[in-house]
Amino acid sequence: MAGLLTCPAAMAQTPAFRGKVNGTVLNASAKPLEFATMMLLKAADSTLVKGAVTNAAGAYEFEGPGEGRYLVMASQVGYRKTYSEAFILDASRPAVTLPALQLNEETQLLKEVTVVTKKPFIEQQIDRTVINVENSIVASGNTALEVLEKAPGVTIDRQNDQIQLKGKQGVIVLIDGKQTYLSAQEVSNLLKNTPSDNIEKIEIITNPSSRYDAAGNSGIINIRMKKNQNSGTNGTVIAGVGYGRFEKANGSLRLNHRAGKINAFGNYSYSHRKSFQEMELNRVIPQPDGSVTYFDQTSRRPNWFDGHNYRAGLDYFLSKKSTFGVLVTGFSNDWNQDNALTNTVMRNAAGEITLRPTTAVTVNNLWTNVTGNLNYKYDLNGKGREFTADMDYSRFDGKSFNQLFTSFTGASDQEIRPAEETRNGMPSAIGIWAFKADYTHPLKKGKLEGGVKSSYVLSDNNLLFDNRLDGAWMRVDSNSNHFRYNENINAVYANYSTKLNKKTSLQAGLRLEHTRSDGVSETVDKPTKSVFREYVNLFPTLFLSRQLDTNNVLNLSYSRRIDRPNYQDLNPFVFYLDPYTYQQGNPYLKPQYTHSFQLTHVYKNAFSTSIQYSRTSDVIVREVPGQIASENKTFIMANNLATQDNLNLTVSFPVPVRKWWTIQSNFTVFYNQYDTEYLGERYNVDVLAWNAYIANNFVLGKGFTGELAGWYNSAGLFGFFQSQPMGAFSLGVQKQVLSKKGNLKLNVNDPLWLNQFRGRTSFQDINFNIQSRWESRVARVTFTYNFGNQNVKAARQRSTGTEAERNRAGSGNN
């Protein structure tokens, strides 16, 4: 009998406790807030227990938590995080309905716990798009360029290593707010060799304020490198390996130490990559005598890259109001090609083979940089009055060597004419000096900012071209060239921001820039060429923001911007890919100017729609094709076209499918029109194109998370090049290990090897098609480990004086 009585009691205790927590989230106007991210946390250590998203009524619910002491955190982009009071779930209180949580712009501090939330990979803010690289699984082990390829509105021309933003060239790339002073192609190469594991986030700003340099007609891409967020001493170690057709490896170490008035920080990273590129080029060249030559070229270029990046700095807090800092950054990039072959078959109109040139290419590039920065910050009254100053020196040194050996055979592989062997070397050096100072002064009804900047750049390139004749190398003076370029830019700006009323904000700015430049080209058997320019420009900016109601914000902006020619684009040297294909600089390039208007609507701080129109005059197009038909030679060089009109629409929105599955979608549609005179004929073309990025994020349970993301670019227009559609997808999974101090990621980029570039050009007698593929299919494993005290305050984020000039120098790798 006793056994029968105790059995039901034992059975009643068997089921595990399953609690329930619910509540609502309101905005500052006490209205329901949809799509807020909710997290149920353990009160003791802030461990994440469950996640949820509020519905249209602002309601949320957590089902199934066990007994314990909890708190709830609510967050959404554009709002400050808010936390509930701690509460207890137990048998006496299995269900809890919490008071409504209100999200607003007020900062609410919770001192007892430290909460780390995961941001979406792509975050649409009012004035910029943010790519949260460190939160992405599929981005781990990639390069910065591969991450940008996934960004909304960004198109990468892999064939010419160009970056377009919403259908426009002229992107300025900053690293931690400091401009890289590299050419467009060299910026692409630098990003190609920057590990994504060193990057915290990438900011895309299409209409910058007057505080920024006026350069960049399509906008600014600011890459924020990772910094330790914690006091005491801490660090992070990252190691990764990858394999596609060849091996890859990367590693990095970040350290941060804060004690008393000193905060020291530094990081070093190494990247090794072996890769390849394959290309097919088909040309039709009409001859002066009425005949036609058909070119069919295939090339395969294996390459090796070893890159070292370093960064070290120190902040010294002189007092509560003033801070002095020193920062040193640099890189050493060694890029090589060996056994690269280009096979060409030349046919006449009847399809008969007339010549088979075969070119073996050896390329060695070593490019180094060191940049030093001294900076000072003074807080005048603790209420927003602030003065900052920066002094910079940056030095780039490059050694470029190319050697070409070409044999000429006929249809039956017999030698038709003697082989040709050429080589060229181009030692180059770029020195950049800069100073800038900025002052911020709060007013009763607004804020006034002002500043000055001065920069001086000296670039020296000496191209030496040799032919091998009778076994001896002979200098070819007509193809050698010594090019020196110097440039001085002085700027002053003022920026005023205020609230016109409770719902309307205004920001207006004006920047004045005075530019002097002189390029001198010396060739032994030709007169010295000098191109001197001096000009003064005003660059106004205007921003209006209107809070229509609790859910809708409207922003309107205008800016005028300039893009000056890159230093290497001005260098008139000739760079041969083979005897029939080369690239040439243009010392007569002029700056291009852009007027840009943008209207942005943001709904519930989650759905973003923007429409932008811009007109650019004297458009710099860096791949304008040319041809010397009588010699069967095709070349490209940078040139100015008359105008480019660009109209684009961007839509960004999240889709919470399930509690464990969310989607972030971004779509951009843009219309481009070029109108100019070229080679004595009007060139008027337009194209409507679009691109998309969709990312799926999954919470898989037991500490696993997954990601599936894909992007697609429709057919488009790159100046004279019409590109075909391209796209790819990636997938990955990650798990936290070693008591959450470690993180292990596995991802596969482009598993079906879909990513390739296909394009064509047809204008007058220029007619060719191109197809290019590279090693985009790569599997990677990355391990990250954090050690030391995880409460060190991060090093200051700051921009230096050499922001605009370093973006136009060079990184010397491909």
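How each quantity is defined
- Residues numbered from 1 in each chain as written.
- Predicted model: local features only at pLDDT ≥ 70, side-chain atom pairs only at ≥ 80, totals over all residues.
- Heavy atoms only, no water.
- Helix = DSSP H or I, 4+ residues; strand = E, 2+ residues; numbered from the N terminus.
- Buried < 20%, exposed > 50% of the residue type's maximum accessible area, 1.4 Å probe, protein only.
- Core = buried A, V, L, I, M, F, W, Y, C linked by side-chain atoms within 4.5 Å.
- Contact = heavy atoms within 4.5 Å.
- Salt bridge = Lys/Arg side-chain N within 4 Å of Asp/Glu carboxyl O.
- Pairing = 2+ DSSP bridges.
- pLDDT = per-residue confidence, 0-100.
- Polar contact = N/O pair within 3.5 Å; in protein donor to acceptor, adjacent residues only side chain to side chain.
- Phe/Tyr/Trp six-rings, centres within 6.5 Å; stacked < 30°, edge-to-face > 60°.
- Lys NZ or Arg CZ within 6 Å of the ring centre and 35° of its normal.

### Describing the overall build of the protein
When you go through the protein residue by residue, the secondary structure sums to four helices and 46 strands. Burial statistics for the protein: of 814 residues in total, 53% are counted as buried.

### Overview of the nonpolar core
With 19 residues, the main nonpolar core has Val-25, Met-38, Tyr-60, Phe-62, Val-72 and Phe-87 as its most contacted residues. Examining the composition of this core, we find that three residues originate from one element, strand β5 (residues 68-75), more than from any other. Ignoring anything within four residues of it in the chain, the contact list for Tyr-60 reads Val-21, Asn-22, Gly-23, Thr-24, Val-25, Met-38, Thr-54, Val-72, Leu-98 and Leu-101. Ranked by size, the runner-up nonpolar core spans 18 residues in total, among them Val-133, Ile-163, Leu-191 and Ile-221.

### Quick look at the environment of Gly-251
Looking at the secondary structure, you find Gly-251 in strand β19 (residues 247-259). With a relative accessible area of 22%, Gly-251 lands in the partly exposed category.

### Details of unusual backbone geometry
If you check the backbone angles, Asp-413 has positive phi at about 65° while not being a glycine. Positionally, Asp-413 belongs in the loop between β24 (386-409) and β25 (415-443).

### Here's the deal with the environment of Gly-58
By the secondary structure assignment, Gly-58 is in the loop between β3 (48-53) and β4 (59-63). Each C-alpha atom, one on Gly-58 and one on Phe-35, is 7.8 Å from the other, the two residues being 23 residues apart in sequence. Those residues in contact with Gly-58 that sit more than four places away from it in its chain are Gly-23, Thr-24, Val-25, Pro-32 and Leu-33.

### Quick look at the pattern of salt bridges
According to the stated counting rule, one finds 22 salt bridges in the structure shown. Among the salt bridges present, the one from Glu-420 reaches Arg-417, with a minimum N-O distance of 3.8 Å. What makes Arg-417 partly exposed here is its relative accessible area of 33%. Note that Asp-569 is salt-bridged to Arg-622, the shortest N-O span being 2.8 Å. Of the two residues, Asp-569 is situated in helix α4 (residues 567-570) and Arg-622 in strand β35 (residues 607-628); the sequence distance between them amounts to 53 residues. Overall, the relative accessible area of 13% leaves Asp-569 in the buried class. We classify Arg-622 as buried; its relative accessible area is 10%. Members of the salt-bridge network, linked through shared partners, are Arg-245, Glu-278 and Arg-300.

### Re the pairing of strand β34 (residues 592-603)
Bridge count for strand β31 (residues 552-563) against β34 is twelve bridges, and the pairing is antiparallel. Across the sheet, residue Asn-555 finds its bridge partner in β34, namely Thr-600.

### Thoughts on the pairing of β4
Of the two faces of β4, the one lined by Tyr-60 and Phe-62 is fully buried and the one lined by Ala-59, Glu-61 and Glu-63 carries no buried residue. With five bridges connecting them, strand β1 (residues 20-26) and β4 associate as antiparallel partners. Within β4, the position partnered with Thr-24 by the bridge is Ala-59.

### Here's the deal with the confidence of the model for the protein
On average, the protein scores 83 in pLDDT, and the residues at 70 or more come to 84%. Between the elements of the protein, mean pLDDT differs from a low of 36, seen in helix α1 (residues 2-12), to a high of 94, seen in strand β27 (residues 472-475). Below pLDDT 50 for its whole length, residues 1-15 participates in zero contacts with residues either more than four positions away or in separate chains. Low pLDDT (under 50) marks residues 810-814, which in the prediction has 31 contacts with non-local residues, meaning those over four places away or in another chain.

### Examining the side chain of Thr-359
One can find Thr-359 in strand β23 (residues 353-379). A polar side-chain atom of Thr-359 sits 2.9 Å from a polar atom in the side chain of Thr-406. Beyond its immediate sequence surroundings of up to four residues, Thr-359 is in contact with Ala-340, Leu-341, Thr-342, Leu-404, Phe-405, Thr-406, Leu-577, Asp-578 and Pro-579.

### Quick notes on the packing of aromatic side chains
As enumerated under the stated definition, the model contains 28 aromatic pairs in all. On the basis of an interplanar angle of 40° and a centroid distance of 5.9 Å, the ring pair of Trp-433 and Tyr-456 is categorised as tilted. Here the residue Trp-433 occupies a position in strand β25, and Tyr-456 occupies one in strand β26 (residues 446-469), the gap between them amounting to 23 residues. Between Trp-690 and Tyr-712, the ring centres sit 5.1 Å apart and the planes meet at 40°, which makes this aromatic pair tilted. You can see Trp-690 sitting in strand β38 (residues 681-701) and its partner Tyr-712 sitting in strand β39 (residues 704-713), a full 22 residues away along the chain. Among the residues examined, Trp-690 registers a relative accessible area of 39% and is labelled partly exposed. Tyr-712 sits in the partly exposed class, given a relative accessible area of 33%. Residue placement shows Arg-300 over the ring face of Phe-276; its charged tip is 5.3 Å from the ring centre. Taking NZ or CZ as reference, Arg-417 lies 3.8 Å from the ring centre of Phe-408, over its face.

### Focus on the environment of Ser-291
As for its position among the elements, Ser-291 is in the loop between β20 (262-286) and β21 (292-317). In the structure, Ser-291 is positioned 57 residues away from Asn-348 in sequence and 7.6 Å away in space, judged by C-alpha atoms.

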